[in-house]
Amino acid sequence: MRRKHLPARLRNCNSTWERYELRLPIQFRLLCRLVGVTPQRVLQDFIHHVCMDTWGYSSDERLMAMSYFTCSRYGWDRYRPDQQRQMLRELDSLRSGWPGYELEYYYGRLDKEYQLQVRYRLAAWYVKWRGRMKKPGQ
């Protein structure tokens, strides 16, 4: 499917990824050095866990990331904690639609079709939750 057939809210997205520049405190950098992992790897893994991406992480890490995200009170002025957990569960349900989810080895034939399907489902998910956001003063 061509780009012009995507919903308007996704048509302006040139990529499913964005880059950000972060300031990392020395404690975090030193901790990463001690355990032999790059700060980028730690942060990228956490991001994959929170957004329930298709990468092969166990459900324990995803549940802990979900718990951290909700307990950190991000967006509590917009959504109740139970709503946030529901948002994350719905993201997790997208993961199970990945064509290689149940396979021991995935050859990648259906990946483009899946990516397009996910973009449509993410657009619907976003619109749904955007409409449920608390209004100021509620």
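The preceding data block contains the structure.
A few points on the structure. (Residues numbered from 1 in each chain as written. Predicted model: local features only at pLDDT ≥ 70, side-chain atom pairs only at ≥ 80, totals over all residues. Heavy atoms only, no water.)

1. So, the packing of aromatic side chains
Part 1 of the reasoning: All told, the structure shown has 3 aromatic pairs when counted by the stated rule.
Part 2 of the reasoning: The interplanar angle of 80° and the centroid separation of 5.5 Å between the aromatic rings of F46 and Y68 together place this pair among those described as edge-to-face. On the criterion of sequence distance, the pair formed by F46 in helix α3 (residues 39-50) and Y68 in helix α4 (residues 59-71) is long-range, its members being 22 residues apart.
Part 3 of the reasoning: The class for F46 is partly exposed, based on a relative accessible area of 33%.
Part 4 of the reasoning: Judged by centre distance (5.4 Å) and plane angle (45°), the ring pair of F69 and Y74 falls under tilted.
Part 5 of the reasoning: Owing to a relative accessible area of 42%, Y74 belongs among the partly exposed residues under this scheme.
Part 6 of the reasoning: The ring centre of W129 lies 4.9 Å from the NZ or CZ of R132, which sits over that ring. (Phe/Tyr/Trp six-rings, centres within 6.5 Å; stacked < 30°, edge-to-face > 60°. Helix = DSSP H or I, 4+ residues; strand = E, 2+ residues; numbered from the N terminus. Buried < 20%, exposed > 50% of the residue type's maximum accessible area, 1.4 Å probe, protein only. Lys NZ or Arg CZ within 6 Å of the ring centre and 35° of its normal.)

2. Looking at unusual backbone geometry
Part 1 of the reasoning: The backbone of R73 shows a phi angle near 65°, a positive value even though the residue is not glycine.
Part 2 of the reasoning: With respect to the helices, strands and loops of the structure, R73 is situated in the loop between α4 and α5 (81-95).
Part 3 of the reasoning: By relative accessible area, R73 is classed as exposed at 57%.

3. Notes on the pattern of salt bridges
Part 1 of the reasoning: Within this structure, the stated rule accounts for 4 salt bridges.
Part 2 of the reasoning: Across the pair K128 and E90 runs a salt bridge, and its minimum N-O distance is 2.6 Å. Of the two residues, K128 sits in helix α6 (residues 111-131) while E90 sits in helix α5, which places them 38 residues apart along the sequence. (Salt bridge = Lys/Arg side-chain N within 4 Å of Asp/Glu carboxyl O.)

4. Some details on the environment of M87
Part 1 of the reasoning: Mapped onto the elements, M87 comes out in helix α5.
Part 2 of the reasoning: Dropping the residues within four chain positions of it, M87 is found in contact with Y79, W125 and W129. (Contact = heavy atoms within 4.5 Å.)

5. A closer look at a nonpolar patch on the surface
Part 1 of the reasoning: Nonpolar side chains collect at one region of the surface, where F46, I47, Y68 and Y74 lie side by side and expose about 390 Å² of accessible area between them.
Part 2 of the reasoning: Relative to the helices and strands, Y74 is located in the loop between α4 and α5. (Patch = residues over 30% accessible without salt bridge, like charges linked within 9 Å, V, L, I, M, F, W, Y side chains within 5 Å. Areas by Shrake-Rupley, 256 points an atom, 1.4 Å probe, with all protein chains shown as cover.)

6. A look at the side chain of E90
Part 1 of the reasoning: Here E90 falls in the buried class, since its relative accessible area comes to 16%.
Part 2 of the reasoning: Among all residues touching E90, those that are not within four sequence positions of it are W125, K128 and W129.

Purely spatial values, then, with no claim about function.
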